[in-house]
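# Tertiary structure, described
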Amino acid sequence: MKYLIFVILSVLLILTGCHVKNQTTVTTTLTTEERTSTTENTTTEDLGVTPTKEPILPSVISNNMIFQQHKPIRVWGKAESGVIINVKMIRDKDQEVIYSDKVTTGEDGNWLIEFPALEGSFDKYYFVISDLLHEITINDVVVGEVWVAGGQSNMDVELRYIINGRYYLNTANYEHIRIFYQKLTPFDYNNADFSYFPEFDVQDGQWVKAISGDNVANCSGIGYIFALTLYNELNVPVGIINTSKGGSSIHTWMSREIIDKTSEVKSYVQSIGAYKTPSTWNNWRNNKEFWQQNYNQATAMYNHKIAPLTNLNIKGFVWYQGENDCKVPGYYYYALNALIKDYSEKFRTENLPFTIIQLAPRSDITQDFYPDFLLTQHRVVKDHPETRAIIPIHDVDLTWNYGDYYDRQPVHPLDKVPVGTRAAKAMLTLIYNHEIDYLAPEYTHHELIGNEVHIYFNHADSGLQTKNSNKIKMLQVIKKDGSRVNVDGTIQGNKIIITYNNWDEIQFIAYGYAAMNHDANLFNALDVPVVPFKIKLV
């Protein structure tokens, strides 16, 4: 009797055996026998269309990826119409199926499954994505904070080229910092033929872990330092998506929809020949001027490097861009605001957090358009100060002739560590509610009292200070006739006091208002520089 029971139990175990996860990322095609067996056991279930090829996933859904905590987890891809796609999210440490769902692809073959949000942690997960015949496994997935590093060349400068970059290559051993790389084109060619429409996927995208110098060397120097600073403070995994492009104008990062909706932007882009129709698209391929090459057509970089990412939830952007557009600050105000509005909608986040890095000082420019551009960047931040931060960097070392960076010139200062650190600390204050106020002091208001003007600043509760001199440098009054006079200012807590005998002749008070404003030396007690300003006296 005992032997009979043993035989019966053995048979039952064989018939109901458990499936064990294969730790290696694989795409599995089920055999005819396996499919037939599955079909026979689920005759009452709709199995959908039998696929002839496996599902396609975007490269951002791949090994070593990171999902944004506290936002829905979204997995998407392409398959043949009518195919049923199953997605499971499984926790490594206990093999618990955290989420499971399925969806039938529509006529266009696109599919998307959204799971509820998770808290960030150092737990690892894997995903099993399958249809009737195929199974794809995505391994080593974490949940934490995800930021996008965007802009042009100063954001694009790789970690290996920046001052002290070698230290960060040698100390890269961070399992839970994840970097997403992508190329411009297969050969990184500026005048390649770009798509007129948004792409499904980026070029050669891949996630890597920051566990070696080789893995981090090509990351944006600012982006890596930003991610590392957040990681050291937040105690959750952090991801940085590398998506900048040297020499890129803001219009190439904008969608066609938002350009068409913003008349101030569309009219300017049309006036410089960057607004293309299908018949004129990619007709810049023979131009030598970088600002008139195919990658700088309106929407080209958006279609190629941003649109494929928009299904992924993120925390926000670190934005360092504008050298191409600094001569048109009035236009840029509308363009950057429109871009942020559009990205907020595309990434499903009201007022998406943006860290806007001011342009570095320039000794080759004397006209006022450049300081006006710095004021414009700040003006965009002031439109939504609850989710946007301005990062002044006029005090940072301007060394550019360093190492073996391939594009050494003054417009590319290579001391990026303070820039990335300052941007991250600002977000720790603004977005993550850390107690220490690392935001840059900004002019708030002023009072005219007799022959004194009292100028007040926020983010300076512990007072203001000067560096490298007892005097406040680059503090000026601008007369109604346009002439400028340097003046002294006295620091008193969170304000400065300027004494002048004839305020009636003064139209503006300015600080750091010049393209070469490296000498501006007013800081708060945490050594965060005061944002340059130009204020109308009355």
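About the cut-offs
Residues numbered from 1 in each chain as written. Predicted model: local features only at pLDDT ≥ 70, side-chain atom pairs only at ≥ 80, totals over all residues. Heavy atoms only, no water. Helix = DSSP H or I, 4+ residues; strand = E, 2+ residues; numbered from the N terminus. Buried < 20%, exposed > 50% of the residue type's maximum accessible area, 1.4 Å probe, protein only. Contact = heavy atoms within 4.5 Å. Areas by Shrake-Rupley, 256 points an atom, 1.4 Å probe, with all protein chains shown as cover. Lys, Arg positive; Asp, Glu negative; His and termini not counted. Charge placed at Lys NZ, Arg CZ, Asp CG, Glu CD. Expected span 1.5 Å × (residues − 1). Pairing = 2+ DSSP bridges. Core = buried A, V, L, I, M, F, W, Y, C linked by side-chain atoms within 4.5 Å. Axes fitted to C-alpha atoms, helices over the stretch in contact; angles between N-to-C directions. Parallel < 35°, antiparallel > 145°, perpendicular 65-115°, else oblique. Left-handed = near helix turned anticlockwise from the far one by under 90°.

Regarding its fold elements, the protein presents twelve helices and 24 strands. Residues classed as buried in the protein amount to 55% of the 538 residues present. Within the protein, contacts between residues at least 6 apart in sequence are counted, and of these 74% link residues at least 24 apart. Counting every atom, the protein has about 23,700 Å² of accessible surface; 49% of that belongs to carbon and sulfur. Seen as two clouds, the 47 positive and the 61 negative side-chain charges of the protein have centres 3 Å apart.

Between its first and last C-alpha atoms helix H6 (residues 221–234) spans 20 Å; for 14 residues at 1.5 Å apiece the expected length is 20 Å, and the two agree. H6 sits mainly inside the fold: twelve of its 14 residues count as buried. For H6, the complete set of buried residues consists of Gly 221, Ile 222, Gly 223, Tyr 224, Ile 225, Phe 226, Ala 227, Leu 228, Thr 229, Leu 230, Tyr 231 and Leu 234. The positive-phi residue at the C-terminal boundary of H6 is Asn 235, with phi of around 60 degrees.

What follows covers the pairing of strand S11 (residues 238–242). The side chains of a regular strand alternate, first on one face of the sheet and then on the other. In terms of burial, S11 is largely enclosed, as five of its five residues are buried. Neither face of S11 is left uncovered, since the one carrying Val 238, Ile 240 and Asn 242 and the one carrying Gly 239 and Ile 241 both have all their residues buried. Taken together, the five bridges between strand S8 (residues 134–151) and S11 define a ladder with parallel strand orientation. Note on S11: the bridge partner recorded for Glu 145 is Val 238. Across four bridges, the pairing between strand S9 (residues 174–183) and S11 is parallel. Looking across to S11, one finds that Phe 180 is bridged to Ile 241.

For the rest of this paragraph, the subject is the nonpolar core. In this structure, Phe 67, Phe 127, Ile 129, Tyr 224, Phe 317, Leu 339 and Tyr 343 are the most contacted members of the largest nonpolar core, which totals 139 residues. Those residues in contact with Tyr 343 that lie beyond four places of it in its chain are Trp 253, Tyr 302, Ile 306, Phe 317, Leu 352 and Phe 354.

It is worth spelling out unusual backbone geometry at this point. Both trends apply: most residues other than glycine have a negative phi, and most peptide bonds are in trans. Its identity as a non-glycine residue notwithstanding, Asn 282 has a phi of 65 degrees, on the positive side. Positive phi is not limited to glycine here, since Asp 527 has a value of about 65 degrees. With respect to the helices, strands and loops of the structure, Asp 527 is situated in the loop between strand S23 (522–524) and strand S24 (533–536). Using a relative accessible area of 36% as the deciding quantity, one classes Asp 527 as partly exposed.

What follows concerns the sheet that holds strand S21 (residues 495–499). Read from one edge to the other, the open sheet built from four strands follows the order S15-S16-S21-S20, with strand pairing classed as antiparallel. Pairing within the sheet leaves two strands with one partner each, and these edge strands are strand S15 (443–449) and strand S20 (490–492). Neighbouring strand axes in the sheet, compared pairwise and without regard to direction, differ in orientation by 25 degrees on average. With five bridges connecting them, strand S16 (residues 452–457) and S21 associate as antiparallel partners. Counted as the bridge partner of Val 453 is Ile 498 from S21.

With that settled, the discussion passes to helix H10 (residues 329–346). Taking 1.5 Å per residue as the helical rise, H10 with its 18 residues ought to reach 26 Å, and the 25 Å between its terminal C-alpha atoms agrees with that figure. Within H10, 13 of the 18 residues are buried, leaving the element largely enclosed by the surrounding structure.

With that out of the way, let us pick up the packing of H10 against helix H11 (residues 369–383). Where H10 contacts H11, the two axes come as close as 9 Å, and the packing angle between them is 30 degrees. Taken as axis vectors, H10 and H11 run roughly parallel relative to one another. As for the relative orientation of H10 and H11, their crossing is right-handed in sense. Residues Pro 329, Tyr 332, Tyr 333, Leu 336, Asn 337 and Ile 340 of H10 form the contact with H11, whose own contacting residues are Phe 369, Asp 372, Phe 373, Thr 376, Arg 379, Val 380 and Asp 383.

A word on the sheet that holds strand S22 (residues 506–511). Read across the sheet, four strands follow the order S19-S18-S22-S24 without closing on themselves; strand pairing throughout is antiparallel. Each end of this open sheet is capped by a strand with a single partner; those strands are strand S19 (484–486) and S24. Taken pair by pair, the neighbouring strands of this sheet meet at an average axis angle of 25 degrees, ignoring direction. Direction of pairing for strand S18 (residues 475–479) relative to S22: antiparallel, over a ladder of five bridges. Of the residues in S22, the one forming a bridge with Gln 476 is Ala 510.

Moving on, we come to the pairing of S24. The alternating pattern of S24 places Phe 533 and Ile 535 on a buried face, while none of Lys 534 and Lys 536, on the opposite face, is buried. Note that S22 and S24 share four bridges and pair antiparallel. In the sheet register, Phe 508 faces S24, and the bridge partner there is Lys 536.

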